[in-house]
Amino acid sequence: MGTRYNWANTLDKLSLEAAKPKVGILIASYGSSTMQSSQAMRKLQAKLEDYFGVPVRIAFTSEALRKRLAHARTKSDSVLKALKKMEFERFTHIIVQSLHLIAGIEYNDVLEDTNIAGNSGTLKIQSGLPLLHTEADIVPVAEALKQLLPPDFQKNDVAVFMGHGTKHDAEKFYFALSETLHSLYPSLYIACMEGKCTLSRVFEDLKQKPAVHKIWLLPLLTVIGKHALCDMAGDEETSWKNQVMRQGYCCEPYLKSLAESVEIQNIWIKRIEEAILAL
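Read on for a plain summary of the structure. Quick caveat: nothing in here was measured; it's all calculated off a predicted structure.

Observations regarding the side chain of Thr92
And step 1. Mapping Thr92 onto the fold places it in the loop between helix 4 (79-88) and strand 3 (93-98).
And step 2. Using a relative accessible area of 15% as the deciding quantity, one classes Thr92 as buried.
And step 3. Side-chain polar atoms of Thr92 contact the backbone nitrogen of Lys22, separated by 2.8 Å.

Thoughts on the pattern of salt bridges
And step 1. Evaluated as defined, the whole model comprises eight salt bridges.
And step 2. The partner of Arg57 in a salt bridge is Glu89, with the nearest N and O atoms 2.7 Å apart. In this pair, Arg57 sits in strand 2 (residues 56-60) while Glu89 sits in the loop between helix 4 and strand 3, placing the two residues 32 residues apart along the sequence.
And step 3. Note on Arg57: relative accessible area 27%, which makes it partly exposed.
And step 4. Given a relative accessible area of 31%, Glu89 falls into the partly exposed group.
And step 5. Between Lys207 and Glu204 there is a salt bridge, with its nearest N and O atoms 3.1 Å apart.
And step 6. Here Glu204 falls in the partly exposed class, since its relative accessible area comes to 47%.
And step 7. Beyond isolated ion pairs, a larger network of salt bridges with shared partners links Asp77, Lys81 and Lys85.

Looking at the sheet that holds strand 5 (residues 158-163)
And step 1. Ordered in space as 6-5-7-8, the four strands form an open sheet in which the pairing is parallel. Both outer strands of the open sheet, strand 6 (188-192) and strand 8 (251-253), are each paired with one neighbouring strand and no more. Each neighbouring strand pair of the sheet contributes to a mean axis angle of 25°, computed without reference to strand direction.
And step 2. One ladder, built from five bridges, connects strand 5 with strand 7 (residues 215-219); its direction is parallel. From the neighbouring strand, Met162 faces strand 7, where its bridge partner is Pro219.

Concerning the nonpolar core
And step 1. One finds Ile27, Phe52, Leu145, Phe161, Leu177, Leu220 and Leu258 to be the most contacted residues of the largest nonpolar core, which totals 56 residues.
And step 2. Looking at which element gives the most residues to this core, the answer is helix 11 (residues 262-278), with seven residues.
And step 3. In this structure, Leu177 is in contact with Leu132, Ile138, Val141, Ala142, Leu145, Ile190 and Leu220, ignoring residues within four places of it in sequence.
And step 4. Counting residues in hydrophobic clusters, the runner-up holds 21 residues, among them Val212, Leu217, Ala233 and Trp240.

Section: the packing of aromatic side chains
What characterises a pair of aromatic rings is the spacing of the ring centres plus the angle enclosed by the ring planes.
And step 1. For the structure on display, the rule yields five aromatic pairs.
And step 2. Look at Tyr5 and Trp7: their rings are 5.0 Å apart centre to centre, the planes differ by 80°, and that puts the pair in the edge-to-face class.
And step 3. Overall, the relative accessible area of 13% leaves Tyr5 in the buried class.
And step 4. Centroid distance Tyr51 to Phe52: 4.8 Å. Interplanar angle 85°. Geometry classified as edge-to-face.

Let's talk about the pairing of strand 5
And step 1. Burial runs high along strand 5: six of the six residues are buried.
And step 2. With burial as the criterion, each face of strand 5 is covered, one bearing Val158, Val160 and Met162 and the other bearing Ala159, Phe161 and Gly163.
And step 3. The pairing of strand 5 with strand 6 spans five bridges and is parallel. In the strand pairing of strand 6, Gly163 is matched with Cys192.
And step 4. Taken together, strand 5, helix 7 (residues 171-184) and strand 6 form a β-α-β motif whose crossover is right-handed.

Rules of the game
- Residues numbered from 1 in each chain as written.
- Predicted model: local features only at pLDDT ≥ 70, side-chain atom pairs only at ≥ 80, totals over all residues.
- Heavy atoms only, no water.
- Helix = DSSP H or I, 4+ residues; strand = E, 2+ residues; numbered from the N terminus.
- Buried < 20%, exposed > 50% of the residue type's maximum accessible area, 1.4 Å probe, protein only.
- Polar contact = N/O pair within 3.5 Å; in protein donor to acceptor, adjacent residues only side chain to side chain.
- Salt bridge = Lys/Arg side-chain N within 4 Å of Asp/Glu carboxyl O.
- Pairing = 2+ DSSP bridges.
- Axes fitted to C-alpha atoms, helices over the stretch in contact; angles between N-to-C directions.
- Core = buried A, V, L, I, M, F, W, Y, C linked by side-chain atoms within 4.5 Å.
- Contact = heavy atoms within 4.5 Å.
- Phe/Tyr/Trp six-rings, centres within 6.5 Å; stacked < 30°, edge-to-face > 60°.
- Right-handed = clockwise from strand over helix to strand, strands pointing away.

Structural data, given as structure tokens:
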């Protein structure tokens, strides 16, 4: 990845559409109210601004989260609200990059908001694709997940990446990523909170691995929020940590999100570059 994006040819083309083109980027994720999440998003924002040399804004797709943040007097924007703000700031061309794993329900909501904002006639908006959109995306993401393993990961350890999951047709990408990851790295698994790619499937496979030393739990999530802290690593009886321990394994959560992965960040940068070319 280069140190700075070369806008020369793109700006020449944009100048034909607008007398004074103003380009911006909007990154959209489910969001979280945790300090680790906020820091990860701000660092990603700064990295994108440095590389592309244009303003980068942040939007959260979760309405429930935005309401909680508003109650705590913390500002946050939906995709549509962020785009309307950027229109008020006289942006002419905007790349909306989803930070979602698949083109599921939330990604489609992002597209719906961009379509509404684009109907104003003053904005030209191009959406970037999610991490997993075609079969060609699977191996690069699997290799990036391998780089997220904790430094203390040992030969007889196992890592399970916890995804949110979905009942959307795009669930097939969770299965494809799971199969590819485990094929490339037999000690690595993917399971989801929703859908058919379950933790119990991992437990069944682990019965064939009698020498497991420790099971690490890692989030297959953009940021560290409630799902990672409670559903995965929490002390509740139903948490994945306790489910693993009830199976008789030593278990340790490792809280590092996709947004904190340099390899995943570079994939998002490529998605944005592709969207810029499509403007």
